[in-house]
Amino acid sequence: MGLNYIKGVNLGNWLVLEKWMNPALFDGTTADDEYYLPTQLDPAVYEARIKTHRAEYINERDFATIKSWGLNSVRIPVPYFIFGDWPGHPGCITYLDRAFRWARETGLKIMIDLHTVPESQNGFDNGGLTGVCKWAQNTDLVEYTLNVLERLARRYRDEPALHSIEVLNEPVSWSVFHSTSNTAKDSHEASGSTYVSLRFLKRFYRDAYARLRAVLRPETVIVFHDGFRLLRWGGWFRRAGMRNVMLDTHQYLIAMEDPLFSGPARRLYLRSRRLPWLYRMLVGASGIAIRSAARRIPVLVGEWCVENQWALHSQNRSAAYRQVSRLQRAAWDVSAGQIYWSYQLARSAKPGSGEGKPPRDPRNGGNLEAWDLTRVWRHGWIRADTSHDDMP
């Protein structure tokens, strides 16, 4: 079940919805997330819409396409209500069953990623409930989450395509929680929201590991997100006696560059015809941090993409994206693997082709092609078999 190096893609927006990735799913509502969507649609309309989406958004042809690109794995975000035991939210376990069948048929490996929890672990739209982050304060919800993880482990422990289970996506740190501006639909519901402390996270990770390792085969990897605190873990996993574990870190250049470019500096680097030196510095620093953390535990770059402001404004967008892609992939090579976010946004008429009109950000109308690997591949901005030694 092991992989020498993980080369994968996330199947985002399939079983966990993210409005910005395919706004059409939210038509006729003002909902910003998966929690509120069913509350604003007639139940029959919602169930029909979500059933059609799940059945058509990803299928066996997509797995074959991913394999043809030279990738070896998929990371599949799943919601806490995957087993259909949460009121108002139809389960989706049968679709994950299908994914394992397609993975066996194509030779791909699967990482199951628990992407959401009740009352959210980060307050992001990808956490299922925008502007609310209260899960860690409720012991019943934490126990519910552990039970979901245990049920997933029991269901798939003997699946040859199972590579790993990630216990929780992006539990938010103090700094990230206080630097984001996700507005809750219901201020009363958001009252009391706060970040997920490292002390709590270590306790939860220890409990999750004990539950999962008791069920899973020894060779199945258990993955923990760094909680936006990559260098805070040190040798903790080893001291806790954990075996065959991996630390997931998410590295987005678009997030790294945002606070550093404003005013005149922004205009200067956007006009540059060559890869901005600050990009080399930012990505290089991330690579150093990954290498440092990897001395104690294997580190996976579980989410990344080529999106960046310089390429968006470049006169030669394709060349700019290719340079940024090579820069990042060379840095991520010090890790145990890299998984692109995401496979697709709105589905093309010809699945996996990247054809059709470029997806637009519903918030500002911006071009979102760089988040869609089917389009990135079509444009030649990245290739799995391309060496990184041709950096300009």
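Residues numbered from 1 in each chain as written. Predicted model: local features only at pLDDT ≥ 70, side-chain atom pairs only at ≥ 80, totals over all residues. Heavy atoms only, no water.

Draft legend 1. Structural view of the overall build of the chain. Across its full length, the chain holds 14 helices and eight strands. Its C-alpha radius of gyration of 20 Å places the chain within 12% of the 21 Å reference for a compact globule of 392 residues. Taking the principal axes of its C-alpha atoms as reference, the chain extends roughly 55 × 50 × 45 Å. Taking all 392 residues of the chain together, the buried fraction comes to 57%. Across the chain, every contact between residues at least 6 apart in sequence was considered, and the portion connecting residues at least 24 apart equals 76%. With an accessible surface of roughly 16400 Å², the chain has 49% of that area assigned to carbon and sulfur atoms. Each charge class in the chain can be summarised by its mean position, and for the 51 positive and 41 negative side chains these summaries are 6 Å apart. (Helix = DSSP H or I, 4+ residues; strand = E, 2+ residues; numbered from the N terminus. Rg over C-alpha atoms; globule rule 2.2 N^0.38 Å. Buried < 20%, exposed > 50% of the residue type's maximum accessible area, 1.4 Å probe, protein only. Contact = heavy atoms within 4.5 Å. Areas by Shrake-Rupley, 256 points an atom, 1.4 Å probe, with all protein chains shown as cover. Lys, Arg positive; Asp, Glu negative; His and termini not counted. Charge placed at Lys NZ, Arg CZ, Asp CG, Glu CD.)

Draft legend 2. Focus on the packing of helix H2 (residues 60-68) against helix H3 (residues 93-106). At their nearest, the axes of H2 and H3 sit 9 Å apart, and the two run at 40° to each other. Classed by the angle they form, the pair H2 and H3 counts as oblique. By crossing handedness, the relation of H2 to H3 is classed as right-handed. For the pair H2 and H3, contact is made by Glu60, Phe63, Ala64 and Lys67 and by Ala99, Trp102, Ala103 and Thr106, respectively. (Axes fitted to C-alpha atoms, helices over the stretch in contact; angles between N-to-C directions. Parallel < 35°, antiparallel > 145°, perpendicular 65-115°, else oblique. Left-handed = near helix turned anticlockwise from the far one by under 90°.)

Draft legend 3. A look at the layout of surface pockets. The computed volume of the largest pocket comes to approximately 1900 Å³. Thr180, Tyr252, Ile254, Ala255 and Trp371 are, among the 50 residues lining the largest pocket, the residues nearest its centre. At the level of secondary structure, the elements contributing two or more residues to the lining of the largest pocket comprise strand S6 (245-250), helix H9 (253-257), helix H10 (264-271), helix H11 (277-293) and helix H12 (309-313). Looking at the lining of the largest pocket, the element that brings in the most residues is H9, giving four residues. Classifying every residue of the lining of the largest pocket gives 19 nonpolar, 17 polar and 14 charged. (1 Å grid on protein atoms, 1.4 Å probe; cavity = no way out; pocket = protein on both sides within 12 Å on 5 of 7 lines; lining within 4 Å. Points joined across faces, edges and corners; volume = space filled by probe spheres on them. Nonpolar A, V, L, I, M, F, W, Y, C, P; charged D, E, K, R; others polar.)

Draft legend 4. The arrangement of the pattern of salt bridges in detail. Counted according to the given criterion, the structure contains 17 salt bridges. The shortest N-O distance in the salt bridge between Arg217 and Asp158 comes to 2.8 Å. Here Arg217 is found in the loop between helix H7 (198-213) and strand S5 (221-225), whereas its partner Asp158 is found in the loop between helix H4 (139-156) and strand S4 (162-166), with 59 residues between them in sequence. Salt-bridge contacts for Arg375 lead to Asp372; the nearest nitrogen and oxygen are separated by 3.7 Å. Of the two residues, Arg375 and Asp372, both sit in the buried class. The network of salt bridges with shared partners includes Arg75, Asp113, Glu166, Asp248 and Glu303. (Salt bridge = Lys/Arg side-chain N within 4 Å of Asp/Glu carboxyl O.)

Draft legend 5. Spotlight on the sheet that holds strand S8 (residues 337-340). The parallel closed barrel is built from eight strands, whose spatial order is S1-S2-S3-S4-S5-S6-S7-S8. Direction aside, the axes of adjacent strands within the sheet are offset by 25° on average. (Pairing = 2+ DSSP bridges.)

Draft legend 6. The arrangement of H7 in detail. Spanning 16 residues, H7 covers 22 Å between terminal C-alpha atoms, matching the ideal 22 Å at 1.5 Å per step. Structurally, H7 contributes buried residues whose contacts are with H4, S4, S5, helix H8 (236-239) and S6. (Expected span 1.5 Å × (residues − 1).)

Draft legend 7. Main features of a positive patch on the surface. On the surface, a cluster of positive charge is made up of Arg238, Arg239, Arg291, Arg295 and Arg296. Considering the arrangement of structural elements, one finds Arg296 in the loop between H11 and strand S7 (299-304). (Patch = residues over 30% accessible without salt bridge, like charges linked within 9 Å, V, L, I, M, F, W, Y side chains within 5 Å.)

Draft legend 8. Inspection of the packing of aromatic side chains at higher detail. Within this structure, the stated rule accounts for 25 aromatic pairs. A centroid spacing of 6.2 Å and a plane angle of 45° characterise the contact between Phe204 and Tyr205, whose relative ring orientation is tilted. In this structure Tyr205 comes out as buried when scored by relative accessible area, which is 0%. Both rings, one in Tyr205 and one in Trp233, keep their centres 5.6 Å apart while their planes meet at 20°; by these two values the pair is stacked. Note that Tyr205 is positioned in helix H7 and Trp233 in the loop between S5 and H8, a separation of 28 residues in sequence. The class of Trp233 is buried, set by a relative accessible area of 2%. A connected cluster of aromatic rings, assembled from ring pairs, spans Trp135, Phe200, Phe204, Tyr205, Phe224, Trp233, Trp236 and Phe237. In this structure, Arg151 is placed above the aromatic ring of Phe83, and the distance from its NZ or CZ to the ring centre is 3.9 Å. (Phe/Tyr/Trp six-rings, centres within 6.5 Å; stacked < 30°, edge-to-face > 60°. Lys NZ or Arg CZ within 6 Å of the ring centre and 35° of its normal.)

Any functional reading would require information that these geometric values do not contain.
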